[in-house]
Structures are given as structure tokens and as C-alpha cells.
Amino acid sequence: MWSIIRFENLHELKRICHWGPIIAISVITVCSSMAVIDSVLWYWPLDTPGGSINFIMLINWTVLILYNYFNAMFVGPGYVPIGWKPENFHDAMYLQNCRICHGYKAPRSHHCRKCNRCVMKMDHHCPWINNCCGNFNHGYFTLFLILAPMGCIHASVILIMTMYTQLYNRISFGWSSVKIDMSMTRSNPQLIIPFGIYGFAASLFALGLAIGTTIAVGMLFIIQMKVILRNKTSIEVWIEEKAKDRIQYYQTGEHFVFPYDLGSKWKNFRQVFTWSGLPETDGIVWPVHEGCHPYTLTIEQLKQKADKRVRSVQYRVIEDYNGACCPITKGFKTFYNTPCTEEPRIQLKKGELVSATRGLR
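Numbers given to residues run from 1 along each chain, matching the order in which its sequence is written. Only residues with pLDDT of at least 70 get local features here, since the model is predicted, and only at 80 or more are side-chain atom pairs given and counted; chain-wide, interface and lining totals rely on the full set of residues. The side-chain values count all of the structure's non-hydrogen atoms but skip hydrogen atoms and water molecules.

S.K.: Run through the nonpolar core, naming residues and quoting values.
M.R.: Ranked by internal contacts, the top residues of the largest apolar core, which has 20 residues, are Tyr69, Ile129, Phe141 and Phe144. Where this core is concerned, the elements lending two or more residues are helix H1 (19–42), helix H2 (49–74) and helix H3 (138–168). Here a helix means four or more residues in a row that DSSP labels H or I, a strand means two or more in a row labelled E, and each is numbered from the N terminus. Ranked by residue count, the leading element in this core is H2, at seven residues. Should any heavy atoms of two residues lie within 4.5 Å, those residues are considered in contact. When near neighbours in sequence (up to four residues on either side) are disregarded, Phe144 contacts Ile28, Ile65, Asn68, Tyr69 and Pro149. To define a nonpolar core, start from buried Ala, Val, Leu, Ile, Met, Phe, Trp, Tyr and Cys residues and group those joined through side-chain atoms within 4.5 Å. The buried label applies to any residue whose accessible area, calculated with a 1.4 Å probe on protein chains only, is under 20% of its type's maximum; exposed applies above 50%, and partly exposed to all values in between. With 14 residues, the next largest nonpolar core counts Cys112, Ile247, Trp286 and Leu297 among its residues.

Rendered as C-alpha cells:
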């Protein structure tokens, strides 16, 4: 694990000190800990081979989930070098320039405002790993998305069976009532780990987390696999949709073909998942579909940028704004309609002109 995870500097450790990783690691810890404790109550690992296999698998899920999670966080997506330029100077006409990174954006790269760098094959900035998902960590991130639901399903089974068996041993039926004695168990008074009302509440809480994680993370895995099998990213899906809208709006008669779909789901799959854990490409040069130009996508992006400038609407700032995340002083309506995003806000001064590229005239 440590041979793969590399820290460029100690500042990388600060990625953990963020609400996303804190919540994610807490959920993993709660679900794993309660599943381990409950597995001892329900299926003692030293009595039968089945109990041993169950316990080993449970530990194995936790190790694999944390391994891929921390790799996704610390290996990182890979960044385009500051001041990067294409080897062939004439290719610069097909690329966008990044004023912040003082260079050109390599094909499939995008500038992340949160990371403040141009990210190789950027898919999105994920708050749960407090890092971008891109070229070098896309595989680790996707493996985490499938391993987490599988581990949570296993944990859910253990939690449900433990609560069922423990309650079954404590329920007594009367003619007109049902009593549950959580202070002791009739069948096995020599429990290694006592299971009382607090144990039941903790198991129920962990079960809720496990089921919620299975649904939410499982849906993210399905979304990621759909784009991976087409060798796309979430951003590139959006670019392709805008390309079709642009062609239809202006009736240009163009036929846009996404250049990085290699025509085979297996070949597209291998672009992300390899036995070494590292992608096949360096994040700068990419194989393209037969008949496509190496800069087909970047040329389309330049066209969309030009179209965006034509459609932009200018507004004049009527009040100063300091860029605060929650503008309480600007009224309830402004505060309520603040975008739910971690992207930095722009400081504004009264009288300035601002171009809005996504507004309506």
C-alpha cells in the first residue's frame, strides 16, 4: 500500500481534515466495528469454518475499502505540469489556455477551482475524498464505489441476523402482551459481549448507515461504470451533449463523434483498470477512435467557448459582495438561493460589469 501511495509533501495529509473524509471514514468505522462485534454474537468465528470465513471476509472488506479509499485520496488524479505546452507548437491552436496554470490545457484536462490546478482527465471534484477524480485515481475511486456497497451488504446481513437472534432469545409472549427483556438472555447467559438496549440501538444505527451507503454509493458506481465503458468522464458527457445542442441550434450540418471511445467496452475498460493499478496513458496523449483527430474534443470545446461568449449577458453589480459562502446580510432570498457548492465565490464591487455565460437574456 505504501509503495503506491506517495505524498508530494506533508500538506497532503490535510486532505483528511475536511468534512467529506471525516464523514466517510466515520461511516466506514461505525459499520465495520458494529459488524465485527455483532458477528461475534451471531456467528462465533472459532466454532465453525463458516464462522471463520464470515469473519475473515468481513475484515477483508474493511481493508480493501480503506485501501482503495486512501489511494483515491492520496494518489490523486494527476496534474498537468505548470506552464505545459504541446511538443508541436502548431498544436497550441487546438488547445485552451489556462491563465492560472500559465500554460495550455492538455486534452481531456480541466481546471479545478478547488484544487487550483489543471487536472488530467478530470471527471469531477469529490468532496468525500477531498480531491479530484481523474486519470491516476479513477480506478481506485471506482473500486471503492463497488467495494463499499458489497461490504455494507455483508455488514447489513450480520447486523440484521444479530438483532433477530438476540431479540428472539429475549421475547416472551403472554395472552395479551409481548415482553422483551433486554437485560439478559435465557439461552446463553455467558455472552462474551453483552447485548443490551444500547447495543441494539447501535446495531440499528449502523444498519441504517449501511443500507443508506449501499443505495447511495451503489448508484454512483453504476453512473461511473456507464461512462467508463464508453471511455468518457462526467464532464465529457456534458460536453458531448452541448456539442449536439450547438450543432442543432446553428444547423451547421456537422457530425460530432466522441474521439476517445475505442469502439470496444473491454478496451475502454482497460483504459482505467489495469493489474498495476495505474492507467495505460500518461494523461497527456490519448488513443483516439479511428478517423478522429487527436484534438477533436478540444476543438469542440473551443467552439463551445466561442458560442458561450456570444450568448453571454452582461450585468452591472449594484451592491458590494465580499465572496462569503453564506451571504446572510444580503437578504433571505439571496441566502436561500445560494448554490450548494464548495467552489469559491467571486468578490464583487458596486459598478463592475459581470458577464454571465449561463443566464438568459
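Next, the rest of the story.
S.K.: Describe in detail the environment of Phe55, supporting the description with residues and values.
M.R.: With respect to the secondary-structure elements, Phe55 resides in helix H2. In this structure, the C-alpha to C-alpha distance between Phe55 and Trp44, residues eleven residues apart in sequence, is 8.5 Å. Once residues lying within four places of it in the same chain are set aside, the contact partners of Phe55 are Val36, Ser39, Val40 and Pro45.

S.K.: Can you explain the pattern of salt bridges? Please cite residues and give values.
M.R.: Any Lys or Arg side-chain nitrogen located within 4 Å of an Asp or Glu carboxyl oxygen qualifies as a salt bridge. In this structure the tally under the stated criterion is six salt bridges. Where Glu236 meets Arg108, a salt bridge forms, and the shortest distance between an N and an O atom there is 2.8 Å. Here Glu236 is found in helix H5 (residues 234–250), whereas its partner Arg108 is found in the loop between strand E2 (103–104) and strand E3 (110–112), with 128 residues between them in sequence. For the pair Glu236 and Arg108, a shared accessibility class is recorded, and that class is buried. A salt bridge links Glu240 to Lys232; its shortest N-O distance comes to 2.3 Å.

S.K.: How would you sum up the environment of Leu95? Please name residues and give values.
M.R.: The topology assignment puts Leu95 in the loop between H2 and strand E1 (97–98). Separated by 206 residues in sequence, Leu95 and Gln301 have C-alpha atoms that sit 8.7 Å apart. Excluding residues that lie within four positions of it along the chain, Leu95 makes contacts with Trp84, Pro86, Tyr104, Lys105, Pro107, Tyr295, Thr298 and Leu302.

S.K.: Requested: an account of the packing of aromatic side chains, with residues and values cited.
M.R.: Between rings of Phe, Tyr and Trp, where Trp is taken as its six-membered ring, a pair exists when centres lie within 6.5 Å; planes separated by under 30 degrees are stacked, by over 60 edge-to-face, and by other angles tilted. Taken as a whole and assessed by the stated rule, the structure comprises ten aromatic pairs. Residues Tyr249 and Tyr250 carry aromatic rings whose centres are separated by 4.8 Å and whose planes lie at 85° to one another, so their mutual orientation is edge-to-face. With a relative accessible area of 55%, Tyr249 lands in the exposed category. Residue classification places Tyr250 among the partly exposed positions, given a relative accessible area of 38%. Here the aromatic cluster, defined as three or more aromatic residues joined through ring pairs, consists of Tyr69, Phe70, Phe74 and Phe144. Criterion for a charge above a ring: Arg CZ or Lys NZ at most 6 Å from the ring centre, at most 35 degrees from the ring normal. Positioned above the aromatic ring of Tyr249 is the side chain of Arg311, whose terminal nitrogen or guanidinium carbon lies 4.1 Å from the ring centre.

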